[in-house]
Amino acid sequence: MARLVMKFGGTSVANIERIRNVARHVKREIEAGHEVAVVVSAMSGKTNELVAWCRETAVLHDAREYDAIVASGEQVTSGLLAIALQDMGIPARSWQGWQLPISTDDAHGAARILSVNGDEIVKRFAEGEVAVIAGFQGMHVPTGRITTLGRGGSDTSAVAVAAGIKADRCDIYTDVDGVYTTDPRIVPKARRLEKIAFEEMLEMASLGAKVLQVRSVELAMVHNVRTFVRSSFTDPDAPELKTAGDPPGTLICDEEEIVESEVVTGIAFARDEAQISIRHVPDKPGIAAGVFVPLADAHINVDMIVQNISAEGFTDITFTVPTADFERAKAALAGAREEIGFQAVEGATDVVKISIIGIGMRSHAGVAARAFKALSERGINIRAISTSEIKISVLIDAAYTELAVRTLHSVYGLDA
C-alpha cells in the first residue's frame, strides 16, 4: 500500500464525462489499497472566463477579490469529482485550500506556498476517505484571504500536498503520456523518457517544456517528492495500469535513482526570446551595473549575457530578455544612456534559444563541440552561447528552429 497524490489538469476535467473518467482512475488506486488525495484544476477554459469577467468589471481591480473569483473554478471541480466518487461508492470529500490550510504569502495572483497542514486528511485516510483538493489556491493566514498561485499553480499545489502528507509519489495526470526528449510535433522520432532527474526537468520546464510548472519542479526537488507524469486519457481499467511497480509515464526523481544517465537527456527550445546588443560601451569598472541595474529596477529578467573583448577601451554587451519585455528593456536603457555612455542599442525578436540538457555532461567532454560542429554543417549561425553544469544554450535565428532541434536531437542519439 502506498500514499498517493493524484493531480488532474483542466483538460482532464473539462466536462462531466471526463470527471467521471478521473473518478475511475482514482477508484483503480483505491481498489489497489492505496491512500489517495486528489488535486484538481478548474475545468478547461473556466479560469480564462473568470479572469475575463474581472477585467470586464474593472480594468484595475482589487487583487484580493480577483483571487476570490478565479479560485472558484477549482472549487467547482473538486465538488463535482467528490460527487462522482461518492456515486461510485467511494467515500470522498472536497477541500478548499483554506480548509487544510495551504498557507501562502500575501502575493495575490502569484502567491508562494509556505506550508501545508495535511493532518486532517491523513486522519481520514484511516476511514478510507479520498480527499479531493482544489488546486491553484491557498490562504494568507494572517488576513484570512484566499490566494492563488499563478498559472499552472495546481501542479505546485499537488507537490506541496504530497510533501505535506509525506506521500510515496505524486502523479501528475495530463494530456500527454510523459516527458519527451523534445517536442514530438517537431521531431516525430522524439521518445518518452522513463526517468529524468529533478535538475534536468527544472531546465526543461524553464526552457519551454509545458509539461510541468517550474515552481512545482523546484518544490519537488527541495522535498524529494518522486513525481510521475502520466496521461489521464488512457483507459483507467487497462491491464498495464494495474500491475505492481511504477506506472507508465515519466518518473521525475533524484539523480541517484538514475543508474546510468545519458550524456544528453533532451533538447528544449524557447521562442519568447529577444536579443539586445549595446554597442561601443566604455570598458571600465561599474559599467555592467550601469547596464543591468536599470533593467532589474524595471523587473526585467535578463538571461544570456555575452561581453566582447575590450578594444581601445570600448566593448559590446549582448544579452537576451523575454520578448514581451523587449520594448521596455530598450526604453530602460535609453533612460540610462547618458550614465552608461554607449553609442547605440540594437535588437532582434526573430531569435530562438535552443538548449541541450543532461546531467551526463558533468562527466563527458566534447558535448558542446559536437553541437557547434553539427549546427555549422547545417549553415546555422550562433548569435550567443551560455552554459551551465548540465546545460548548453545557443541563440539562433528563429527561422532555423526546427532544423536545429532535429539536428541536435539526432547528433546526440536521442531519435527513437
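(A) Structural detail: helix H8 (residues 214-223). Inspection of H8 places Arg-215, Ser-216, Val-217, Leu-219 and Ala-220 among the buried residues, and these make up the whole buried set. Turning to H8, the residues buried within the fold contact strand E5 (113-116), helix H6 (153-164), helix H7 (198-206) and strand E11 (227-231).

(B) Structural detail: the packing of aromatic side chains. Tallied over the entire structure, the rule returns two aromatic pairs. With 4.5 Å between their ring centres and 20° between their planes, Phe-8 and Tyr-173 make a pair best called stacked. Taken as a pair, Phe-8 in strand E1 (residues 3-8) and Tyr-173 in strand E9 (residues 169-174) lie far apart in primary sequence, 165 residues in all. Take Tyr-173: its relative accessible area is 1%, and that puts it in the buried class. Ring geometry for Phe-292 against Phe-319: centres 5.2 Å apart, planes inclined by 70°, an arrangement best described as edge-to-face. In this pair, Phe-292 is assigned in helix H9 (residues 287-297) and Phe-319 in strand E15 (residues 314-322), connecting sequence segments 27 residues apart. Of the two residues, Phe-292 and Phe-319, both sit in the buried class.

(C) Up close: the pairing of strand E7 (residues 137-140). The side-chain alternation of E7 yields two buried faces, one formed by Gln-137 and Met-139 and the other by Gly-138 and His-140. In this structure, E7 lies alongside strand E8 (residues 145-148), joined through four bridges in antiparallel fashion. Along E8, the bridge assignment pairs Gln-137 with Thr-148.

(D) Looking closely at the environment of Val-351. Among the secondary structure elements, Val-351 is positioned in strand E16 (residues 344-357). Taking the C-alpha atoms as reference points, Val-351 and Arg-226, 125 residues apart in sequence, are found 35 Å from one another. Ignoring any residue separated from it by four or fewer positions in sequence, one finds Val-351 in contact with Arg-271, Glu-273, Ala-274, Gln-275, Arg-383, Leu-395, Ile-396, Asp-397 and Ala-398.

(E) Quick look at the packing of H9 against helix H10 (residues 326-335). Where H9 meets H10, the axes come as close as 9 Å, and the angle between the chain directions of the two elements is 130°. Classified by the angle between their axes, H9 and H10 sit oblique to one another. At the point where H9 passes H10, the crossing takes the right-handed sense. The segment H9 lies against H10, with Val-291, Pro-294 and Leu-295 engaging Ala-329, Ala-332 and Leu-333. Residue classes in the contact of H9 with H10 are distributed as six nonpolar, no polar and no charged.

Conventions used here
- Residues numbered from 1 in each chain as written.
- Predicted model: local features only at pLDDT ≥ 70, side-chain atom pairs only at ≥ 80, totals over all residues.
- Heavy atoms only, no water.
- Buried < 20%, exposed > 50% of the residue type's maximum accessible area, 1.4 Å probe, protein only.
- Helix = DSSP H or I, 4+ residues; strand = E, 2+ residues; numbered from the N terminus.
- Contact = heavy atoms within 4.5 Å.
- Phe/Tyr/Trp six-rings, centres within 6.5 Å; stacked < 30°, edge-to-face > 60°.
- Pairing = 2+ DSSP bridges.
- Axes fitted to C-alpha atoms, helices over the stretch in contact; angles between N-to-C directions.
- Parallel < 35°, antiparallel > 145°, perpendicular 65-115°, else oblique.
- Left-handed = near helix turned anticlockwise from the far one by under 90°.
- Nonpolar A, V, L, I, M, F, W, Y, C, P; charged D, E, K, R; others polar.

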